[in-house]
Amino acid sequence: MSGDSRDRVLARVRRALADVPRDERPADAPVERGCLRAHGARTAEETVVLLAENLADYRAIVHRTTEDGLPDLLMRLLAVRGATSVLLPPALPPHWTAAVDATRVPDRAASTPQQLDAVDSVVTGCAVAIAETGTIVLDGGPDQGRRRITLVPDHHICVVRCPDQVVDSVPQALERLDPGRPQTWISGPSATSDIELDRVEGVHGPRTLEVVLVESAVGGGDGEGGGWGRGEG
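All of these numbers come straight from a predicted model, not from anything done at the bench. (Residues numbered from 1 in each chain as written. Predicted model: local features only at pLDDT ≥ 70, side-chain atom pairs only at ≥ 80, totals over all residues. Heavy atoms only, no water.)

1. Quick word on the pairing of strand S12 (residues 208–215)
By the criterion of burial, S12 is predominantly enclosed, with eight of the eight residues buried. Of the two faces of S12, the one carrying Thr208, Glu210, Val212 and Val214 and the one carrying Leu209, Val211, Leu213 and Glu215 are both buried. Pairing between strand S1 (residues 61–66) and S12: six bridges, direction parallel. Paired with Thr65 across the bridge in S12 is Val214. Relative to S12, strand S7 (residues 155–162) runs parallel, the two sharing eight bridges. (Buried < 20%, exposed > 50% of the residue type's maximum accessible area, 1.4 Å probe, protein only. Helix = DSSP H or I, 4+ residues; strand = E, 2+ residues; numbered from the N terminus. Pairing = 2+ DSSP bridges.)

Here is the structure:
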């Protein structure tokens, strides 16, 4: 941009802001926005069902269980995977992995990429899950750990508390997230494709993403940890 063009742009900005008090901040002036906060009305259960369907469309493997059934489910998922080591964030609830028979690897700042790559699986919680986009959001919380532990190991199991952590839309998710925290938005396992559209998974993240939807309401889940919707295919 030339100097003259820049000056014209800045002059227009100054004119547009001429009537704004100097001490006014963006949050002081509410802006009416016409965008939809959600596309359609859903019950909490319908929102969770939509999340499961969209996660499965992105090739995540979806399971549903209860809080009581979670330890056995995680044990089975890691056993089926053949995982001998599992990386756990510092504040992951201990009872989640009480039945897991694998070497537990702590989330350490000193861990090298090579050490993380040698880990078979990682289990984390999440910050929020978005039904309309099939997206899991991590923000580095104590039950999620550092960003890199979900980017380097090849197998990620993410636990979502339902319906508390599930929202309909991106706008609703943003209201729950702290913009000052490191965020990772995940829609299915890591993948890319070349010019011939050959899909390659695990390029910049895990090849396999398993999402466990844990029902907090009594009677909400099947208690067996089986696949749900189209997530088990």
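From this point on, the discussion continues.
2. Brief notes about the sheet that holds strand S6 (residues 135–138)
If you walk across this open sheet you meet the four strands as S8-S5-S6-S9, and the pairing is mixed. The sheet is open, and its two borders are formed by strand S8 (166–167) and strand S9 (184–186), each paired with just one other strand.

3. A look at the sheet that holds strand S2 (residues 85–88)
If you walk across this open sheet you meet the six strands as S1-S12-S7-S4-S2-S3, and the pairing is parallel. Of all strands in the sheet, those bounded by a partner on one side alone are S1 and strand S3 (103–106). Pairwise comparison of adjacent strand axes, ignoring direction, gives a mean angle of 25° for this sheet. Packed onto the sheet, helix H2 (residues 44–57) meets S1, S7 and S12 and runs at close to 170° relative to S12. In the packing of helix H3 (residues 70–81) onto the sheet, the strands contacted are S1, S2, strand S4 (121–124), S7 and S12, and the crossing angle to S12 comes to about 165°. (Axes fitted to C-alpha atoms, helices over the stretch in contact; angles between N-to-C directions. Contact = heavy atoms within 4.5 Å.)

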